[in-house]
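# Examination of the molecular architecture
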Amino acid sequence: MTRNANLYEICDQPILEGECLTTPGFNLRFIYRKLAGHPALKYLILEGCRHPAIKLTEISPYQEMMRKAMRASADNWQDPLWIQATFGCLARLLDSIENPPWQQREKAERTDDEQTQAELQNIIDSCLQDILRVWDKDKNDPWFPVAAQVELSGDDHMDGRNLINILQGLGSFEYKNITVLFAFIRCFLMTNPARLRLIRKPYRGISESMSASFSWIWHRIAFSDVNFFEHLLVFLGSDTSRREHYARIVPILENLLRYCVCSSQEWLETPNKHIQHPAITCLPKDPEGRPLCRLSEASWQKKRDLGFGDYIPDTDTTFLTLAMARKWLDFVQREQLTVDKGLLEACESLLAYPWVEIISEYQVGGKYNSNPPTIQITRPLDYTGAVPIWFDKTFRNDDGRITREMLGNEICPGHNMDILDAILVNRKQWSALEGENLAFLQRLLDFHHRAFASGNFRHETAHKYYLPETYVYYLGRMYQTYGTLDDVDKCILDPEEKIEDMRRIAQQYCKDELIGHSLNAFDAALAVSALVLLEYEPRHDGVIAAGLKVLSQAMGEGRGRHLYRAYEWNRMRHPTRILVGSEVSTSLFVLRACSEAMRYLKNEVTITQGGVTDRECGGFEIPLFDSLRTADKPFT
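What you are looking at is a predicted structure, and each value in this text was computed from that prediction instead of being measured. (Residues numbered from 1 in each chain as written. Predicted model: local features only at pLDDT ≥ 70, side-chain atom pairs only at ≥ 80, totals over all residues. Heavy atoms only, no water.)

### Quick look at the layout of surface pockets
Taken as a whole, the largest pocket holds about 1200 Å³ of empty space. Around the largest pocket, the lining is made up of 33 residues, and of these Leu-41, Val-150, Leu-152, Phe-214 and Ser-215 lie nearest the centre. Elements with a contribution of two residues or more to the lining of the largest pocket: helix H2 (23-35), helix H3 (39-45), strand S4 (146-151), helix H10 (173-189) and helix H14 (297-305). (1 Å grid on protein atoms, 1.4 Å probe; cavity = no way out; pocket = protein on both sides within 12 Å on 5 of 7 lines; lining within 4 Å. Points joined across faces, edges and corners; volume = space filled by probe spheres on them. Helix = DSSP H or I, 4+ residues; strand = E, 2+ residues; numbered from the N terminus.)

Right, dumping it as C-alpha cells:
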C-alpha cells in the first residue's frame, strides 16, 4: 500500500537538488534550509506530518510547482498569471483545510458585585509595579519589550484565494518565497492533529495567549511605544492623585515619545504632489545601517529571513505619533511641566506639515489612484474612503531593479480609525473641517460607518493587524476625541450622526459578544476600556464590573514575576500567523482600563455642556470640576 507524502519527500529534490540559476531560486533554497530544515521543526514535528490527500505516487504536481519556483525570475514573480498557474495546486490544498475551534468561549454569568475602590487600586498598583520593574531592568537604555511569536499553523483564514492574492500583491520575491513555504507547512500541520497540538492549543477568550516564549523575537518599535505612552498618560490624567507619580513617569513618557518622534523618523515624498514630509517607521536604523529596535543579531537575522529586512513607514504608527505629540504638548502646557524643550520642538515640527493633504493622496476613492491596496484579504469590507497601511517608498535592489510595495499594501479598519482620531485631535492646526480636507474626512468616516452598520467589523477576516475588539476600543478613543468638538463642528463633520450610530452598535457588541461570554485578561482590558470610552450606560448594571472581575481573577497568571500573561495584542496574517505582545504590554493595557473605569464608575455626572469638559482635556481630571461633580457614589 502506497504511503502518504510529507513535506520533505515533495520539496527536497526540486529545492535542494534541482537547478538553481536565479536570485529568487537561491533565496528559496536558503529559506527552505533555514525554516523547514531546522532540526527541531523537521524531526520532532514536520517529518511525521503526512498529508492524507497526497500519496507518494501523486507528488509530481507539487514538485513541478517547486521546480518552477526555483527557476523563477524576479519578472515571473511580478506576473499575476504566472503566479495563478504555478501555485494553483497549493491554493486548492489550502481550501481543503478545516480549522479547529481555537477560541474557547462560554456564556458568562452577569455579576452584581462591583469592585471596591480599594480593589481597583490594588490592580492599578500591581500593574504599575510590574511596568516599572520591567522599565528599570536596563538602567542605561530602558524599554518595554514586545515579542513576536511565529505560528506555524498559519493564518486561520489563509485559503487558496487569499494565498494567490497575497503572492500577486507583494513586491518582494523573498517575502513571496517564504509565504509559499509557510502555506505548504500549514497544509501538512493542519491535517495532522496530533502534531498540531504540539505547537498550538485551544485557548480561552478571543485573543490568543502567547506561550512559546523560547521562540519569541524581542524588539522595540515605535508602534508599541506610542501606545504605551498613551496608556501611561491616561493613567496620570485619570485622577488628581496621580500627580504624585509625575516625577517617576514623566521621564518615561519623554523616552517613549522621543523614540517615536526622533529616533524612528525618516523622510518621504508623496506620490502625486511630491510633498516632502517626515514619517514614523517601525524599523529605524542608525547612520551605519544598524537597527535601533533592540533586536539581537540572531533576531535581526530571523526578521530578515522572514522577509522584513527592509521596511516602510506606516500610516498607523505615524498618525498615532501625531496624536500623541499633540496630547503631550497640551499636557505639558496644562500641567506647567518643566520638560525636554528639544522634544517639545520636535513635536511641534512634526505637527507642522499639511497632514490631511498628505494622507489624502492615498485614500481609496479620493482624488488619486496611485497607491491602491495590492492585497485584499480583509473581506468583506468596502474599501472606499479608507487608507492603506504603507506610505509610498521604493527600494533599489543590488541588481538595479526598483521594488515598490515591498510588503504589499492593505486596508485594515484599525489603522484607519487611528488616522481619523489623529486628524480630529489636530483638527484646528490642520484645518481638517474645511474644503477638501473635510471631504477626505467624511469619506473616511463613511468607511467606518459602513463597517459597523453592516456588521462586517465583527468578522476577524475584515481585520489585518487587530481583532474586532481592538477596533471597537479604537472607536472609543475616537469617540472621546469627537466629544471635544463643539456642536457646530460636530454638525459639519457628521450631520447624519453616524458616529453616534457606530457608538450604539459598538456598545451592544461589547455587552453581548465580549462581556457576555468568557474572556481572558487582555480581552477584558479592551472591553472595559471600550465601554468606558464609549460612555456605556447604565454604568453600574454589572457589565463593566464583569470585565473588571476578569482582570481581578487573572492577577498572578503571568510567568515569573509578571502579573499577567502575554496575549495577541496585534498580529500579522502573512507570511504566516505572527502574534505580537508581551507580559508588560498586558499590564499596560490593564493599567489603562482600570484607571479609566475607576474614574468613570466614581463620577455619576460628567459636565458635557458649557465650558471645558473632561473630554476636552483629553480625558484628564481637572481639579476645578471636582467640586462640580455630583453623587460621587462610593464603590459597592
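### Comments concerning the pattern of salt bridges
The final tally for this structure, using the stated rule, is 37 salt bridges. Across the pair Arg-200 and Glu-208 runs a salt bridge, and its minimum N-O distance is 3.1 Å. Via salt bridges that share partners, Glu-151, Asp-156, Arg-200, Glu-208, Glu-568 and Arg-577 belong to a single interconnected network. (Salt bridge = Lys/Arg side-chain N within 4 Å of Asp/Glu carboxyl O.)

### Section: helix H15 (residues 315-335)
What sets the pattern is the α-helix's 3.6 residues per turn: residues three or four places apart point alike. An ideal rise of 1.5 Å per residue puts 30 Å on 21 residues; H15 measures up with 30 Å between its terminal C-alpha atoms. A large share of H15 lies buried, amounting to 18 of its 21 residues. At the N-terminal boundary of H15, the capping side chain belongs to Asp-314, with an oxygen 3.1 Å from the backbone nitrogen of Asp-316. Following H15 by one or two positions, Gln-336 adopts a phi angle in the positive range, close to 55°. (Expected span 1.5 Å × (residues − 1). Buried < 20%, exposed > 50% of the residue type's maximum accessible area, 1.4 Å probe, protein only. Polar contact = N/O pair within 3.5 Å; in protein donor to acceptor, adjacent residues only side chain to side chain.)

### Looking at the packing of aromatic side chains
Summed over the entire model, instances satisfying the criterion amount to 28 aromatic pairs. Each ring, one from Phe-228 and one from Trp-569, has its centre 5.4 Å from the other, and the planes form 35°; the classification is tilted. Pair noted here: Phe-228 is in helix H12 (residues 222-237) and Trp-569 is in the loop between helix H24 (543-553) and strand S11 (570-572), with a separation of 341 residues, a long-range link. Its relative accessible area of 0% is what places Phe-228 among the buried residues. (Phe/Tyr/Trp six-rings, centres within 6.5 Å; stacked < 30°, edge-to-face > 60°.)

### Things to note about the nonpolar core
If you look at the biggest cluster of nonpolar residues, it comprises 217 residues, and the most contacted ones within it are Phe-144, Phe-184 and Trp-328. Ranked by residue count, the leading element in this core is H10, at 12 residues. Those residues within four positions of Phe-184 in sequence are excluded, and the remaining contacts are Leu-7, Ile-10, Cys-11, Tyr-62, Met-65, Met-66, Leu-90 and Leu-93. Counting five residues, the second largest nonpolar core, distinct from the first, contains Ala-147, Met-210, Trp-216 and Leu-579. (Core = buried A, V, L, I, M, F, W, Y, C linked by side-chain atoms within 4.5 Å. Contact = heavy atoms within 4.5 Å.)

### Description of unusual backbone geometry
In this structure, Pro-538 follows Glu-537 across a cis peptide bond, with omega equal to 0°. Of note, Pro-538 is situated in the loop between helix H23 (521-533) and H24. With an omega of 10°, the peptide bond running from His-574 to Pro-575 counts as cis. Along the polypeptide, Pro-575 turns up in the loop between S11 and strand S12 (577-581). Backbone geometry at Glu-497 places phi at a positive 55°, although glycine is not the residue there. Structurally, Glu-497 can be placed in the loop between helix H21 (487-493) and helix H22 (498-514). Phi is positive for Glu-535, close to 55°, though the residue is something other than glycine. Along the chain, Glu-535 falls in the loop between H23 and H24.

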